[in-house]
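A structural walkthrough
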Amino acid sequence: MPGRNVSPNLALNQLVDERNAAGASLVHLGFGEARLPVFAPLAERLAAGARRNAYGPVAGGKDVREKVAGYFTRRRLPTGADQVVVAPGSKPLLMALHMTVPGDVLLPRPCWNTYAPQARYLGKQAIGVPIPDECGGVPDPDALREAIRAARVLGHDPRIVVVTLPDNPTGTLAPPVLVREICAIAEEEDLLIVSDEIYRDVVHDPATEVLSPAEVAPRRTVVTTGLSKSLALGGWRIGAARFPEGAWGRRIRDGVVSAASEVWSTLAGPMQEVAAYAFAEPPEIRERLAACARLHGAVAREAHRIVVAARAVCRPPTGAFYIYPDFEPLRGRLARLGVTDSVSLHKHLLDAHGVVVLAGHHLGDDEQALRFKAATSMLYGETIEQQEESLAATNPLVLPHISGVLTRLEEAFTRLAL
Ligand SMILES: Cc1ncc(COP(=O)(O)O)c(C=O)c1O
């Protein structure tokens, strides 16, 4: 069975809790959660929705689907309510997509740690394809062509390519030119594109152009999104998918709804109330989204500066709340400390420096590489007050609860490079 072990990021959380309970004080960068409080109007909507106890339609009520359709339409993706399905998180929607659409799955390498296990649960091959030097979230186009060819020679049947825009784990956004190249390959090779855009509203610079493959290849792209990251509502489990127009899109949507009806029935009524409000994006939600994206950008850029000063190679973060450094330039020095691969680097950072990261091999990356993911969204403070202060600050980096932990990080990585 592919899923015997708990997801590596959840296992790390458990380890951090145990060590902290035993008196350690760890800097935990191993979990992809936006550590920010619930925005008060969202909690009010949740309370207002508490009386919604009927099951309701599997795809979600018309009101919430219209609001999600409006959200996409404002992002240059004209959408009707019948193209939308809401669900308890985008994770089950991605799983239902793989249950519905046959064929093996092409993934950027590294990528979010859930894509490959989902594919394997369904008996599919998860085919990792290296990412370009400039960004993650999409396979390198030449490598993608070659991976498709090689997979077919081996008797596999790649029919789906997953992209993540912006990306977890690299914290980067693929530029339009690369998105177009991937779409062209998908057209040539008749692939379905699954565009995971859960970080779309966490682009650090509002002037950045985000091009969705659904704009370029509208008939063959399914987009997934949710409120877990942009509004820090991971535990509320609100996700949505946008299906293509046309016969193929309708078939896929019907398949996902059918899977949903047998697995989760529908998104919880109170959460539909929250989703309808948030996806309508009234001014206060837009302001909150912008404040969150600003904070994520400021802290991710500082963490990037710290690892680069320690001589790591690292793509500059432009979206989401991660950095993905490569400590290859320090290989000789690290070998003398017994650090020779992704596992030993992770262990050394934990044991010698109290810094918790997610080792790159958990994300499909090469085990021999000295790479890891650090989630910088864990650095905004321990209390709700500190986190709100971080969001409100013009320069969050000077707040004592943020600068203190960044200084610890800087000390740890400086010592690593000595
Ligand atoms: C790239 C990516 N997609 C999807 C998800 C899951 O989101 P949800 O909470 O909507 O299931 C995550 C969460 O870590 C993620 O990083």
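Residues numbered from 1 in each chain as written. Predicted model: local features only at pLDDT ≥ 70, side-chain atom pairs only at ≥ 80, totals over all residues. Heavy atoms only, no water.

Looking now at the overall build of the protein. Counting its secondary structure elements, the protein contains 15 helices and 12 strands. A compact globule built from 418 residues should have a C-alpha radius of gyration of about 22 Å, and the protein, at 21 Å, falls within 12% of that. By principal-axis analysis of the C-alpha atoms, the protein measures approximately 60 × 55 × 40 Å. In the protein, which comprises 418 residues, the proportion classed as buried is 58%. Once local pairs closer than 6 in sequence are excluded, the contacts in the protein between residues at least 24 apart make up 73%. Only carbon and sulfur atoms are counted for the fraction: they give 53% of the accessible area of the protein, which is about 17,000 Å². Mean positive and mean negative side-chain charge positions of the protein (45 and 47 charges, respectively) differ by 2 Å. (Helix = DSSP H or I, 4+ residues; strand = E, 2+ residues; numbered from the N terminus. Rg over C-alpha atoms; globule rule 2.2 N^0.38 Å. Buried < 20%, exposed > 50% of the residue type's maximum accessible area, 1.4 Å probe, protein only. Contact = heavy atoms within 4.5 Å. Areas by Shrake-Rupley, 256 points an atom, 1.4 Å probe, with all protein chains shown as cover. Lys, Arg positive; Asp, Glu negative; His and termini not counted. Charge placed at Lys NZ, Arg CZ, Asp CG, Glu CD.)

On to the site of the ligand. Close contacts around the ligand come from 13 residues, with Ser 90, Asp 196, Ser 228, Lys 229 and Arg 237 the closest. Take Lys 91: an N or O atom from its main chain is 3.0 Å from an oxygen atom of the ligand. At 2.7 Å from an oxygen atom of the ligand is found a side-chain nitrogen or oxygen belonging to Asn 168. Protein coverage of the free-state accessible area of the ligand, which is 400 Å², stands at 93%. (Near = heavy atom within 4 Å. Polar contact = N/O pair within 3.5 Å; in protein donor to acceptor, adjacent residues only side chain to side chain.)

It is worth spelling out helix α10 (residues 269-280) at this point. Helix length check: α10, at 12 residues, gives a terminal C-alpha distance of 17 Å against a target of 16 Å (1.5 Å per residue), a fit within 8%. Buried residues dominate α10, accounting for 10 of its 12 residues. Within the span of α10, buried status applies to Gly 269, Pro 270, Met 271, Gln 272, Val 274, Ala 275, Ala 276, Tyr 277, Ala 278 and Phe 279. Residue Glu 281 follows α10 closely and has a positive phi angle near 55 degrees. (Expected span 1.5 Å × (residues − 1).)

Let's shift gears to the sheet that holds strand β7 (residues 221-226). Strand order in the open sheet formed by seven strands is β2-β8-β7-β6-β5-β3-β4, and the pairing between neighbours is mixed. The open sheet has two free edges, formed respectively by β2 (84-87) and β4 (126-130), since each of these has just one partner strand. Each strand axis lies, on average, 25 degrees off the axis of its neighbour in the sheet, ignoring direction. Taken strand by strand, helix α3 (residues 62-73) contacts β2, β7 and β8 (239-242), and its axis lies near 115 degrees from that of β2. The sheet strands contacting helix α6 (residues 141-153) are β3 (104-109), β4 and β5 (158-164), and the helix crosses β4 at an angle near 150 degrees. (Pairing = 2+ DSSP bridges. Axes fitted to C-alpha atoms, helices over the stretch in contact; angles between N-to-C directions.)

Attention now moves to the sheet that holds strand β12 (residues 372-375). Strands sit in the order β9-β12-β11 across an open sheet of three strands; the sheet is antiparallel. On the outer flanks of this sheet lie β9 (322-323) and β11 (358-359), each paired with one strand and no other. Judged from the two bridges that link them, β11 and β12 form a sheet pairing that is antiparallel. Pairing of Ala 359 across the sheet is with Phe 372, part of β12.

Quick look at a nonpolar patch on the surface now. Together, Met 99, Tyr 121, Leu 122 and Val 263 make up a nonpolar patch on the protein surface, roughly 380 Å² of accessible area in all. When its relative accessible area of 57% is taken as the criterion, Val 263 is described as exposed. (Patch = residues over 30% accessible without salt bridge, like charges linked within 9 Å, V, L, I, M, F, W, Y side chains within 5 Å. Salt bridge = Lys/Arg side-chain N within 4 Å of Asp/Glu carboxyl O.)

When you line up the elements, His 346 lands in helix α13 (residues 342-353). A relative accessible area of 19% means that His 346 is categorised as buried. One polar contact links the side chain of His 346 to the main-chain carbonyl oxygen of Val 357, over a distance of 3.3 Å. The contacts of His 346, once residues within four sequence positions are left out, are Leu 12, Val 357 and Ala 359.

Looking now at the pairing of strand β6 (residues 192-196). For β6, the buried fraction is high: five of the five residues fall into the buried class. Burial along β6 is two-sided: the residues Leu 192, Val 194 and Asp 196 and Ile 193 and Ser 195 are all buried. Of the strand pairs in this sheet, β6 and β7 are connected by four bridges, and their pairing is parallel. For Val 194, the partnering residue across the bridge sits in β7 and is Val 222.

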